[in-house]
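Listed here are the chains, written in short residue letters.
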Amino acid sequence: MPPRLKPKDLDSSDHLTVALGEYDTGWHDPVQSLARAGAIADEARAVGADLLVLPEMCASGFTMDADQFAEPPDGPSSRALSALAAEHHLWLIAGLSMRRNGQYLNSALAFAPDGSLAATYDKQRLFGYAKETTIYSAGASPCVIKVGGLSVGLFVCFDLRFPELFREVAREVDACVIIANWPSARQRHWEVLTQARAIENQCYFVAVNRIGEGDGLEYTGGSLILDPWGTRCDTLAPGSSLRIGELSRSAVAEVRKSFPLVTDELR
């Protein structure tokens, strides 16, 4: 394990180091999954990451048993993720099955390095093929947050197939983050669509999927970071099993200046 690096001041930073928290979240076992997430968070801080991204519904797997596994905003899984962010002084984005205002929601939560909840995004496009539309309520609006000096849009899994969602925030963001439980049967779609979203919107695209098995489905990950040209830019961190990538606000601005696709089209 490399020596632990000191967190840098992110408020005005042009750069953000992101760790891809791809792991086997298991199935209907929040205690085990969050323990695994804790080990990943420790490794992410050790390699100097500013932001750790974990998969969709990381505590339960992609469950339709929301009556059992959906948690309120102050539930045990949310508290555990908050504690991880604070303990490791990391920005942390992760997915949970949530219960809020009488509804079940498939949410991405963003925690600041002090453990506070910075934002919640509710998945806008639900996966009817898996009956998600009969259990969960769809989110109604996008979510863009400031992570250090970069603007980041949050998305969840099936959202990836709907380019209009990303176009809505394109001019505002330096990066889009999507968290998923995307089965290996459609892995090629994941590869093509993540690259398309990066190219179309001329921004970094951070995509984190799970691995392992859940409810009889196989997941093979494929987590990656793409730059604004759609080129993969994550690497294996030295002495670690984590993949990391560097995001640069000025690099996004330079791409959009040199080839003004987003700025011209969306005037």
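Scroll up to find the structure.
Residues numbered from 1 in each chain as written. Predicted model: local features only at pLDDT ≥ 70, side-chain atom pairs only at ≥ 80, totals over all residues. Heavy atoms only, no water.

(A) Main features of the overall build of the protein chain. Counting its regular elements, the protein chain contains eight helices and 14 strands. Relative to its length of 267 residues, the protein chain is compact, with a C-alpha radius of gyration of 17 Å against a globular reference of 18 Å. With respect to the three principal axes, the spread of C-alpha positions in the protein chain is 50 × 45 × 35 Å. Taken across its 267 residues, the protein chain has 57% of its residues classed as buried. When contacts within the protein chain are restricted to residue pairs at least 6 apart in sequence, those whose partners lie at least 24 apart make up 68%. When the accessible surface of the protein chain is split by element, carbon and sulfur atoms take 53% of a total near 10900 Å². On the protein chain, the mean spot of the 25 positive side-chain charges and the mean spot of the 34 negative ones are 4 Å from each other. (Helix = DSSP H or I, 4+ residues; strand = E, 2+ residues; numbered from the N terminus. Rg over C-alpha atoms; globule rule 2.2 N^0.38 Å. Buried < 20%, exposed > 50% of the residue type's maximum accessible area, 1.4 Å probe, protein only. Contact = heavy atoms within 4.5 Å. Areas by Shrake-Rupley, 256 points an atom, 1.4 Å probe, with all protein chains shown as cover. Lys, Arg positive; Asp, Glu negative; His and termini not counted. Charge placed at Lys NZ, Arg CZ, Asp CG, Glu CD.)

(B) A look at the sheet that holds strand E8 (residues 175-180). Judged by pairing direction, the sheet is mixed, and its five strands sit side by side in the order E6-E7-E8-E9-E12 without closing on themselves. Sheet topology places strand E6 (144-147) and strand E12 (224-226) at the edges, where each strand pairs with a single neighbour. Here the strands of the sheet are splayed against their neighbours by 25 degrees on average, with no regard to which way each runs. Pairing geometry for E6 and strand E7 (residues 150-156), over four bridges, is antiparallel. Pairing of Ile 145 across the sheet is with Val 152, part of E7. Those strands touched by helix H6 (residues 187-201) are E8, strand E9 (204-209) and E12, and its axis lies near 155 degrees from that of E9. (Pairing = 2+ DSSP bridges. Axes fitted to C-alpha atoms, helices over the stretch in contact; angles between N-to-C directions.)

(C) Spotlight on helix H3 (residues 76-88). Taking 1.5 Å of rise per residue, 13 residues should cover 18 Å, and H3 covers 18 Å from first to last C-alpha, within 8% of that figure. Elements in contact with the buried residues of H3: helix H1 (30-46), strand E3 (91-100) and strand E4 (103-111). Just beyond H3, the residue with positive phi is His 89, at close to 50 degrees. (Expected span 1.5 Å × (residues − 1).)

(D) Layout of the pairing of E9. Where burial is concerned, most of E9 is hidden: six out of the six residues are buried. Residues Tyr 204, Val 206 and Val 208 line one face of E9 and the alternating positions Phe 205, Ala 207 and Asn 209 line the opposite face, and both faces are buried. Alignment of E8 against E9, held across six bridges, turns out to be parallel. Across the sheet, residue Val 177 finds its bridge partner in E9, namely Val 206. In this view, the connection linking E8 to its parallel neighbour E9 by way of H6 has right-handed handedness. Strand direction decides the pairing type here: E9 and E12, joined by three bridges, are antiparallel. Opposite Phe 205, over in E12, you have Leu 226 as the bridge partner. (Right-handed = clockwise from strand over helix to strand, strands pointing away.)

(E) Highlighting the pattern of salt bridges. Taken as a whole and judged by the stated rule, the model has 10 salt bridges. One salt bridge in this structure joins Arg 188 and Glu 191, with 3.3 Å as the shortest N-O distance. Within this pair, Arg 188 and its partner Glu 191 are both found in helix H6, separated by three residues, close to a single helical turn. With a relative accessible area of 40%, Glu 191 lands in the partly exposed category. Ionic pairing is found between Asp 234 and Arg 232, a salt bridge with its closest N-O pair at 2.8 Å. Judged by relative accessible area, Asp 234 falls into the buried class, the value being 5%. Relative accessible area serves as the criterion here: at 44%, Arg 232 is assigned to the partly exposed category. Salt bridges sharing common partners tie together Asp 24, Arg 36 and Arg 210. (Salt bridge = Lys/Arg side-chain N within 4 Å of Asp/Glu carboxyl O.)

(F) Spotlight on unusual backbone geometry. The phi dihedral of Met 57 falls on the positive side, at around 40 degrees, and the residue is not glycine. Non-glycine residue Asn 101 carries a positive phi angle of around 50 degrees. Relative to the elements of secondary structure, Asn 101 occurs in the loop between E3 and E4. By relative accessible area, Asn 101 is classed as exposed at 76%.

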